[in-house]
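Reading the structure
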Amino acid sequence: MAYFYLGTAITGELVGTNLLKAAAGFTRFWPSFGAVMAYGLCLFFLSLAMKQVDLNVVYAIWAGIGIVIMTLLSLFLWHEPLNLASVLGLALVVTGVVILNLYGSAH
C-alpha cells in the first residue's frame, strides 16, 4: 500500500507543478487554488508512504520519478527545450534513485 501512496503523491506533485505553471505566478485563481490543493494531497500521501518505507528511499523515488516525468511533460505540454546537460542530469538522478533503492535501505 505504501507504493500506492507514493504513486498518488507523485501524481499530486505532477498535477500541482503543472498547475503552478498555468497559475502564472499565482495571478490566476483556479490554477493557483488547484496547485495548492494538489500539493496538499501530495504531501499527505507522501507522509503515508513514509510510515512504511524509509525516508531516503521514498524521497528519492518521489523526487526522481517526479523530475523525469515533469521534464517530459514540460517538453511536450509546455514546449520547453531539453539539452544535453538536462539529459545528463536526468541520467544521474535515475542512477541515484536506483542506487538508493538497491543499497540505501538498512534491511
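Values in this document were obtained by computation on a predicted structure and should not be read as measured data. (Residues numbered from 1 in each chain as written. Predicted model: local features only at pLDDT ≥ 70, side-chain atom pairs only at ≥ 80, totals over all residues. Heavy atoms only, no water.)

1. Observations regarding the overall build of the chain
Within the chain, the secondary structure is distributed over four helices and zero strands. Shown N-terminal to C-terminal, the secondary structure of the chain runs as helices and strands in the order α-α-α-α. Dimensions along the principal axes, computed over C-alpha positions, put the chain at roughly 45 × 35 × 15 Å. Expressed as a percentage of its 107 residues, the buried residues of the chain come to 35%. (Helix = DSSP H or I, 4+ residues; strand = E, 2+ residues; numbered from the N terminus. Buried < 20%, exposed > 50% of the residue type's maximum accessible area, 1.4 Å probe, protein only.)

2. Points about the side chain of Ser32
With respect to the helices and strands, the residue Ser32 is situated in helix α2 (residues 29–49). Within polar-contact distance, the side chain of Ser32 engages the backbone oxygen of Arg28 at 2.6 Å. (Polar contact = N/O pair within 3.5 Å; in protein donor to acceptor, adjacent residues only side chain to side chain.)

3. A look at a nonpolar patch on the surface
A cluster of nonpolar side chains, contributed by Val94, Val98, Ile99, Leu102 and Tyr103, occupies part of the molecular surface with about 530 Å² of accessible area. Residue position: Leu102 is located in helix α4 (residues 84–104). (Patch = residues over 30% accessible without salt bridge, like charges linked within 9 Å, V, L, I, M, F, W, Y side chains within 5 Å. Areas by Shrake-Rupley, 256 points an atom, 1.4 Å probe, with all protein chains shown as cover. Salt bridge = Lys/Arg side-chain N within 4 Å of Asp/Glu carboxyl O.)

4. What to know about helix α1 (residues 2–23)
The end-to-end C-alpha distance of α1, which contains 22 residues, comes to 31 Å, matching closely the 32 Å that a straight helix rising 1.5 Å per residue would cover. For α1, the complete set of buried residues consists of Ala2, Tyr5, Leu6, Ala9, Ile10, Gly12, Glu13, Leu14, Gly16, Asn18, Ala22 and Ala23. On its buried face, α1 sits against α2 and α3 (55–76). Count one or two residues on from α1 and you reach Ala24, which has phi positive near 50°. (Expected span 1.5 Å × (residues − 1). Contact = heavy atoms within 4.5 Å.)

5. So, α2
Because each turn of an α-helix spans 3.6 residues, side chains separated by three or four positions end up pointing in the same direction. Look at α2: 30 Å from first C-alpha to last across 21 residues, which is about the 30 Å you get at 1.5 Å a residue. Regarding α2, the residues found buried are Pro31, Ser32, Gly34, Ala35, Ala38, Cys42, Phe45, Leu46, Leu48 and Ala49. Along its buried surface, α2 packs onto α1 and α3.

6. A closer look at unusual backbone geometry
A positive phi angle is found at Ala24, which is not glycine, with a value near 50°. Position of Ala24 among the secondary structure elements: in the loop between α1 and α2. Of note in the backbone geometry, His79 takes a positive phi value of approximately 55° without being a glycine. Relative to the elements of secondary structure, His79 occurs in the loop between α3 and α4.

7. So, the packing of α1 against α3
Packing of α1 against α3 leaves a shortest axis separation of 10 Å and a crossing angle of 40°. Taken together, the axes of α1 and α3 lie oblique to each other. At the point where α1 passes α3, the crossing takes the right-handed sense. Touching Tyr3, Leu6, Ala9, Ile10, Glu13, Leu14, Thr17 and Asn18 of α1 are Val57, Val58, Ile61, Trp62, Ile65, Gly66, Ile69, Met70 and Leu73, all from α3. Per-class residue counts for the contact of α1 with α3 are 13 nonpolar, three polar and one charged. (Axes fitted to C-alpha atoms, helices over the stretch in contact; angles between N-to-C directions. Parallel < 35°, antiparallel > 145°, perpendicular 65-115°, else oblique. Left-handed = near helix turned anticlockwise from the far one by under 90°. Nonpolar A, V, L, I, M, F, W, Y, C, P; charged D, E, K, R; others polar.)

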